[in-house]
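Notes for the structure review
Each chain, written out:
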Amino acid sequence: MLFLPLAIVAALLAQESAPSAPSTSVATFGCGGPSDLIRTDFYEKPGGAFKVVAPPADRQLWMHRKFEGFDEHEYGLSSVEFVLNPVTTTGYSGSWGDEPSKITGMQLYVHVTSKSARKDRWYLLESGEEPREDGLLFVQPTRTEPEQDATDGDEKTPERDPLDDWMALQLATPEPDVPLFTITDQYSDHGANAGGTIGNNLLIDFRSGEPTMRAAAQCIQWEGGGACTAPDTAAVHYQNTNCTWQKEELDFLCTTTGPWGGSYNPVSARREFFLLQGKEPARLAWATDALPSLEAFVTMFRSKEKGRALVRGVGPVDLIWKSDSLLPGKRLLLLASPAAGDEDNTRFTVATMSRDGAISLLPVPKWSIGGEESDDHVAPEGFTPSDDNISVTATEFAQFNEAHLLKAVDVRITGGTSTHVIYLIGLQAKDGSLVTNAVRLASESTTYMGCGFEGADATAVNFHWMSDENAATVRVQPQEGSPADGKDQACSWDGKLRWVDRVGFRVRKIHDLCTLAAKDVVIDDWGEITTKARLREK
């Protein structure tokens, strides 16, 4: 980082239009709020740290703010003074056309004193090792115009603290004796065809008697991009994190809202956690009646044929099928819940309850009719799907050699439009053990392929079950590819799908249909499949 005199810094900044003042309030931290979800890069454990240094020689010329009156016995300090020195930096090379980016860094010192312990120590904040954390020390003034002289000789222009033109620096909570502070600032940034504002929110903790950067958040408001960056950015489901002070806990309760899995997953999920304690609350603030586990769900609905409830860490759960005869001495419940990933998909779980009330859970393995891979991905830890617009129903369509074969229909309703996905699920008892398997049969959904293109999912375009053969004929369309890939579309094909004893659903390809034009699938709430011509803009 290259440091220049403050006068040169001011001259450079005068050439750059200042961003609007950062929004901040006591008792909040992070970005936006429940009704204003701003893209957030959140650092629960930022790498930035305060290093003990000698008092800076020219500190009298810098901006500063002092806070006093803290309990020395409890916190080991009596006062905290922040000292800010803006510096220019050549460590950032972004540009807009031929104009270089003017990003200002900051030297942030803190001066901690304790009268009784005769403590007098200076610290300098240094950024973490991750390159993306460098931006936490970027700052631009929100005000560059000089104050106007008063027009009336008897009036005096109120004195303005110059620090307020650079950042909002204040106690983080309504508790004036708790040495927690927030720093909120922002800077304008831009690339070749994009630009926006990055807001920084730092939480500085002195409760140990030493300064610690407890957490940090970057609030990103960005537009534009290259040929693919702009549509890709618009399609991404970003995370937002905002926190509110809870007096009874002496902590910030944070809520992160984001996708349930992949970056393009259409399902929203939420995570709640106490920031300073690093733990989850006993109950979810947004869903106080959420059940704590799938075992609790099974206990609640053990005597019912159908049921639905929100389960923490799982999302809305539907009881879609039940049997008291499949496994001797056990009650079996088939559960459906939203699955993580970049496309509409469902997770199926078999719960069994013995006569003594013991409950065991078994995930149902899945594969796609368009390939052998599952459509399910690892779910983000600590999150709970929060969308209540998804439901799953199931009907039994065949029995074969002690196997029960079900058709399950996942329906997601958005803006009055329904999107359906069909699964076939098999459950078979053999020698007292359970064989279970599912295939993603058909889908109206699409998967984001990049460059603004939504490709139709791999799907069966027809399904006809033949009871005499205990098998079905299927015609399958592969995943639609993006024109940007420059690859030929894979061929559709005819095949036969059957339940293989002790194994599960398997399909055998009979022949390719490379001359067949792809169609769009239409699925109703009962799982009936029809097709219509596919029209794509050229």
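Quick caveat, the model's predicted, so the values are computed rather than measured.

Turning to the state of the cysteines, a few remarks are in order. Inspection of every chain in the model, using the stated rule, returns three disulfides. The partner cysteine of Cys243 in its disulfide is Cys254, sulfur to sulfur 2.1 Å. When the S-S torsion is 105°, as for the bridge of Cys243 with Cys254, the disulfide is right-handed. One end of the pair, Cys243, is in strand S14 (residues 240–246); the other, Cys254, is in strand S15 (residues 251–259), and eleven residues separate them in sequence. A relative accessible area of 0% places Cys254 in the buried class.

Okay, the environment of Ile359 next. Relative to the helices and strands, Ile359 resides in strand S21 (residues 359–363). For the pair Ile359 and Ala296, spaced 63 residues apart in sequence, the C-alpha separation works out to 9.6 Å. In this view, Ile359 contacts Glu295, Val298, Thr299, Thr352 and Met353; residues no more than four positions away in its chain are not counted.

Burial analysis of strand S20 (residues 346–354) places eight of its nine residues in the buried class, the great majority of the element. Bridging between S20 and S21 involves five bridges; their strand directions are antiparallel. Within the sheet, the bridge partner assigned to Ala351 lies in S21 and is Leu361.

We now examine the nonpolar core. In this structure, Phe82, Leu202, Phe206, Phe252 and Leu275 are the most contacted members of the largest nonpolar core, which totals 50 residues. Discounting residues that sit within four places of it in the chain, Phe206 has contacts with Tyr75, Leu77, Val80, Phe82, Val110, Val112, Pro179, Phe181 and Pro211.

Moving on: the packing of aromatic side chains. Counted under the stated rule, the structure contains 19 aromatic pairs. Ring geometry for Phe397 against Trp465: centres 5.3 Å apart, planes inclined by 75°, an arrangement best described as edge-to-face. Pair noted here: Phe397 is in strand S24 (residues 390–400) and Trp465 is in strand S30 (residues 459–466), with a separation of 68 residues, a long-range link. By relative accessible area, Trp465 is classed as buried at 15%. Following the ring pairs from residue to residue traces out a cluster consisting of Phe29, Phe42, Trp245, Phe252 and Phe273. Looking at Arg271, its charged tip hangs above the ring of Phe273, at a distance of 4.0 Å from the centre.

Another point: the pattern of salt bridges. Summed over the entire model, instances satisfying the criterion amount to 27 salt bridges. Here Arg440 and Asp457 are joined by a salt bridge, their closest N and O atoms 2.9 Å apart. With Arg440 in strand S27 (residues 433–443) and Asp457 in the loop between strand S29 (453–456) and S30, this residue pair connects regions lying 17 residues apart in the sequence. The salt bridge involving Arg475 is made with Asp494; its shortest N-O contact spans 2.8 Å. Here Asp494 lies in strand S32 (residues 492–500) and Arg475 lies in strand S31 (residues 471–477), a separation of 19 residues in the sequence.

This brings us to empty space enclosed by the protein. If you roll a probe as big as a water molecule over the atoms, it shows you where there is empty space left. Summed over the entire model, instances satisfying the criterion amount to two cavities of 30 Å³ or more. The computed volume of the largest cavity comes to approximately 70 Å³. Val267, Asp344, Asn345, Ile390 and Asp410 are, among the 13 residues lining the largest cavity, the residues nearest its centre. Every element with two or more residues in the lining of the largest cavity is listed here: strand S19 (330–338), S24 and strand S25 (403–414). Tallied by class, the residues present in the lining of the largest cavity amount to five nonpolar, four polar and four charged. The volume enclosed by the second largest cavity comes to roughly 30 Å³. Lining the second largest cavity are Gly48, Leu125, Glu126, Ser127, Gly128, Glu133, Leu136, Leu137 and Met213. Within the lining of the second largest cavity, the residues separate by chemical class into four nonpolar, three polar and two charged.

Mean pLDDT over the chain works out to 87, with 88% of the residues at or above the 70 mark. Per-element mean pLDDT across the chain ranges from 35 in helix H1 (residues 6–14) up to 98 in helix H4 (residues 294–300). This model gives residues 1–22 a pLDDT under 50, and the stretch forms 46 contacts once residues within four places in sequence are excluded. Segment residues 93–101 is flagged for pLDDT under 50; beyond a separation of four residues in sequence, or across chains, it makes 16 contacts in the model.

Counted residue by residue, S27 has ten buried out of eleven residues, so it is predominantly covered. Taken together, the ten bridges between strand S26 (residues 417–430) and S27 define a ladder with antiparallel strand orientation. Counted as the bridge partner of Lys430 is Ser433 from S27. Following S26, the chain reverses through two residues before pairing antiparallel with S27; Asp431 in that reversal takes a positive phi of roughly 55°.

Phi angles above zero are rare outside glycine, and Ala27 is one such case at about 80°. Note on placement: Ala27 falls in the loop between H1 and strand S1 (28–30). Residue Ala27 is classed as buried on the basis of its relative accessible area, which comes to 14%. We note that Arg502 has phi near 70°; this positive angle belongs to a residue other than glycine.

Here we come to the sheet that holds S1. A sheet is described by the order of its strands in space; here five strands give the open sequence S1-S14-S15-S16-S23, paired in antiparallel fashion. The strands lining the two open edges of the sheet, one partner per strand, are S1 and strand S23 (384–385). Relative to S15, S14 runs antiparallel, the two sharing seven bridges. The partner of Trp245 across the bridge, within S15, is Phe252.

Moving on, we get to the sheet that holds strand S4 (residues 63–68). Strand order in this open sheet of five strands is S3-S9-S8-S5-S4, and the pairing throughout is antiparallel. One side of each edge strand has no neighbouring strand; the edge strands of this open sheet are strand S3 (49–53) and S4. Going from strand to strand, the sheet's axes swing by 25° on average, the running direction of each strand aside. Bridge count between S3 and strand S9 (residues 119–126): five bridges; the pairing is antiparallel. Across the sheet, residue Ala49 finds its bridge partner in S9, namely Glu126.

Calculation criteria
- Residues numbered from 1 in each chain as written.
- Predicted model: local features only at pLDDT ≥ 70, side-chain atom pairs only at ≥ 80, totals over all residues.
- Heavy atoms only, no water.
- Disulfide = S-S within 2.5 Å.
- Helix = DSSP H or I, 4+ residues; strand = E, 2+ residues; numbered from the N terminus.
- Buried < 20%, exposed > 50% of the residue type's maximum accessible area, 1.4 Å probe, protein only.
- Contact = heavy atoms within 4.5 Å.
- Pairing = 2+ DSSP bridges.
- Core = buried A, V, L, I, M, F, W, Y, C linked by side-chain atoms within 4.5 Å.
- Phe/Tyr/Trp six-rings, centres within 6.5 Å; stacked < 30°, edge-to-face > 60°.
- Lys NZ or Arg CZ within 6 Å of the ring centre and 35° of its normal.
- Salt bridge = Lys/Arg side-chain N within 4 Å of Asp/Glu carboxyl O.
- 1 Å grid on protein atoms, 1.4 Å probe; cavity = no way out; pocket = protein on both sides within 12 Å on 5 of 7 lines; lining within 4 Å.
- Points joined across faces, edges and corners; volume = space filled by probe spheres on them.
- Nonpolar A, V, L, I, M, F, W, Y, C, P; charged D, E, K, R; others polar.
- pLDDT = per-residue confidence, 0-100.
- Axes fitted to C-alpha atoms, helices over the stretch in contact; angles between N-to-C directions.

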